[in-house]
Amino acid sequence: MIYHLLRFFLKLLSYIPFRVLYILSDGLFYPLYYLIRYRRKIVRRNLTESFPEKNLSEIKHVEKRFYRFFTDMILESCKLASISQDEIRRRMKFKNVEEVNGMLKQGKSVAVYLGHYGNWEWVSSMPLWLEKDIIGAQIYHRLSNKNVDKLMLHIRGRMGAISIDMHKTARYITALATEHKVCTIGFIADQSPRKRDSHHFLHFLHHNTPVLTGTEKIIKHYGFEAFYLDVKRTKRGYYEAEFVKMHDNPQSLRDFELTDLYFKHLEQAITKRPELYLWTHKRFRIATLLNE
């Protein structure tokens, strides 16, 4: 019952035209930032530590731009409940997709690194750009609220993407490999590992940061091709995501070298447009604890 109510209200919200949606977003910014002050301490700390060269005025400027984008992205994500395939293809364009499709035609599976940058929810439209009958999947972290989790799975799957519980990733990919099925799988790989799983550290945004290395292990074990998805916001409500090949032979790289390369790409994107990164999470919490 609760799920159906949530789905009904989300569908209603998704029918709001983009022009009106952004007026609503502008209105939501003020209470979220000034009254509710949603996670402002976390955002301020993350920005200050990540950009020590910026003064307080510059930090506040980025901070406000982030919250404006954050409200945009939340409402844009709601549009997935009803947006047409033609409309999402017009607003979320994928570049260099011919190289990825070329590899899929050769029977090579592709792993795509991306981060919590730009509108990562709209990246679920990637299957619309891939070769027909190719599995387009994404790894996700199950939400604690079952109704919201079910709702997110629904909207993420409307454009053909399959969502794979991160705890079942190896089992799913092994099954595909056994059946000789080619796939493209997206990995949002900038999440913080648990303390006991913090085996590799790198210098990321002025932090000695523990990072997940599971994507690299999968790429090497199963012989995937490795791409980074470079997302740009061209204007409000429009994005371009370019597939950037990370290495001609990722299996030949030393341990963690591919992971380091991914975070180098991500850091470059964040440095150019810091407001498009998700700063509301305690992304560097483990790094702080382990370095105290």
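Here is a short report on the structure shown in this document. (Residues numbered from 1 in each chain as written. Predicted model: local features only at pLDDT ≥ 70, side-chain atom pairs only at ≥ 80, totals over all residues. Heavy atoms only, no water.)

### So, the pairing of strand E6 (residues 201–204)
- Of the two faces of E6, the one holding Leu 202 and Phe 204 is buried and the one holding Phe 201 and His 203 is not buried anywhere.
- Pairing analysis gives four bridges linking E6 to strand E7 (residues 207–210), with the strands arranged antiparallel. From the neighbouring strand, Phe 201 faces E7, where its bridge partner is Pro 210.
- With antiparallel pairing between neighbouring strands as the criterion, E6 and E7 make up a hairpin whose turn holds two residues, including Leu 205 at a positive phi of roughly 50°. (Buried < 20%, exposed > 50% of the residue type's maximum accessible area, 1.4 Å probe, protein only. Helix = DSSP H or I, 4+ residues; strand = E, 2+ residues; numbered from the N terminus. Pairing = 2+ DSSP bridges.)

### Some points on the pattern of salt bridges
- All chains considered together, the criterion is met by 20 salt bridges.
- For Arg 233, the salt bridge identified is with Asp 72, shortest N-O distance 2.7 Å. Of this pair, Arg 233 sits in strand E8 (residues 225–235) while Asp 72 sits in helix H4 (residues 56–78), and the two are 161 residues apart along the sequence. In terms of burial, Arg 233 and Asp 72 fall into one category: buried.
- Between Lys 95 and Glu 240 there is a salt bridge, with its nearest N and O atoms 3.8 Å apart. Here Lys 95, found in strand E1 (residues 92–95), pairs with Glu 240, found in strand E9 (residues 238–245); they are 145 residues apart in sequence, far enough to count as distant. (Salt bridge = Lys/Arg side-chain N within 4 Å of Asp/Glu carboxyl O.)

### Quick word on the pairing of E8
- With respect to burial, E8 is a largely interior element, eight of its 11 residues being buried.
- Here four bridges tie strand E2 (residues 110–114) to E8, and the two strands are oriented parallel to one another. The residue of E8 that forms the bridge with Tyr 113 is Tyr 228.
- Sheet topology note: the E8/E9 ladder contains eight bridges and is antiparallel. Bridged to Asp 230 within E9 is Glu 242.
- Here E8 folds back onto E9 in antiparallel fashion, the turn holding two residues, of which Gly 237 has a positive phi close to 85°.

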